[in-house]
Structures are given as C-alpha cells and as structure tokens.
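Next come the chains, spelled out residue by residue.
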Amino acid sequence: MFIIRLANEWVSRGGRAILLNARKFPDHPKVKEKISPRVSLFNYPEVNAGQLMTRFDLNLVHSAIWWADKAVLESISELEGLPWVITMHGCHETLLDHPETDPFFSEKVKNMLNRADAWVHTA
C-alpha cells in the first residue's frame, strides 16, 4: 500500500507515475481499486521493466518488495544514472531467515547494495 499511496499522491500533485506489479502474488481486487486512474499499471514479466523505464522516460525508480527489486536490478543496468530507491517492508529480512525462498538472494542483494541510491526502512 505504501507504493500505491506514494504514486497516488505524486499524480495528485501533477506528477506522472507508473506501477509495475512484480506478480509474485495474485492481484487483489480491493488493492487494485485503491490505485488512482491517473497511475498506469503494468504487470511483470509481461512488460520488460527496462523498456518501460525508457518508454516513460522515468527520472526515478522506486521498488518496494523483493521481487520488484529483482526485476529492477535485472533491467536498470541498461539505464546508468537513473536513481533507484528501495523501500524495505520486511521481505529482505525474511529472505535472510529463509534463504530457500530465493536461492539468488545473497548474490542479488550485493548488487542492489552497490546500485541503489537510497534505502528506506519501514519495517
């Protein structure tokens, strides 16, 4: 909900925002209802994150769950200089406790630490 509220507020102030659903979990209709009609919604991997970033000429990427972080990491290398903010909600800590959830976590998170411009901790 954090990222939806952030996107909704941004567009209410005249900005432009898109959401890319990392699709680890099924869509929830009540959650989708909360997205402003002024925010464009896309689904990964149906849409390539890097191409989406280029198509919309984004000036900032903000990912907010481990699976979205991975999608951004795999795409953002093509877009050097694009600022990236990661919001942590507890996924990373869960993966530390349960590495079997994603065997690539330790490798990927090292790359994220080197690439992301800011980390926001909410949990």
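In this text, all values refer to a predicted model and were calculated from it rather than measured experimentally.

Q: Describe the environment of Ala7, and please don't skip the residues or the numbers.
A: When you line up the elements, Ala7 lands in helix H1 (residues 2–12). Sequence separation of Ala7 and Cys91 is 84 residues, and the distance between their C-alpha atoms is 21 Å. The contact partners of Ala7, leaving out residues within four places of it in the chain, are Ala17, Leu19 and Val39.

Q: I'd love a proper account of the pattern of salt bridges, names of residues and values included.
A: Going through the model one piece at a time under the given rule, you end up with four salt bridges. Residue Glu9 pairs with Arg13 through a salt bridge whose shortest N-O separation is 2.6 Å. For the salt bridge of Lys70 with Asp102, the shortest nitrogen-to-oxygen distance reads 2.7 Å. Residue Lys70 is found in helix H4 (residues 66–76), and its partner Asp102 is found in the loop between helix H5 (91–97) and helix H6 (105–115); the two are separated by 32 residues along the sequence. For Lys70, a relative accessible area of 17% translates into the label buried. A residue is classified by how much of its surface remains accessible, and Asp102, at 5% relative accessible area, is buried.

Q: Describe in detail the sheet that holds strand E4 (residues 84–88), supporting the description with residues and values.
A: Pairing in this open sheet of three strands is parallel, and the strands run E3-E4-E5 from one edge to the other. A strand with exactly one partner marks an edge of an open sheet, and here the two such strands are strand E3 (61–63) and strand E5 (118–121). On average, each strand axis in the sheet is tilted by 20° relative to the strand beside it, whichever way the strands run. Where E3 meets E4, three bridges bridge the pair, whose relative direction is parallel. By the bridge assignment for E4, Ser63 is matched with Ile86.

Q: Help me get a handle on unusual backbone geometry, residues and values and all.
A: The peptide bond linking Tyr44 to Pro45 adopts the cis configuration, its omega dihedral lying at 10°. Turning to its location among the elements, Pro45 is positioned in the loop between strand E2 (40–43) and helix H3 (49–55). A positive phi angle, near 50°, is found at Asp57, a position not held by glycine. Among the secondary structure elements, Asp57 is positioned in the loop between H3 and E3.

What counts, and where the lines are drawn
Residues numbered from 1 in each chain as written. Predicted model: local features only at pLDDT ≥ 70, side-chain atom pairs only at ≥ 80, totals over all residues. Heavy atoms only, no water. Helix = DSSP H or I, 4+ residues; strand = E, 2+ residues; numbered from the N terminus. Contact = heavy atoms within 4.5 Å. Salt bridge = Lys/Arg side-chain N within 4 Å of Asp/Glu carboxyl O. Buried < 20%, exposed > 50% of the residue type's maximum accessible area, 1.4 Å probe, protein only. Pairing = 2+ DSSP bridges. Axes fitted to C-alpha atoms, helices over the stretch in contact; angles between N-to-C directions.

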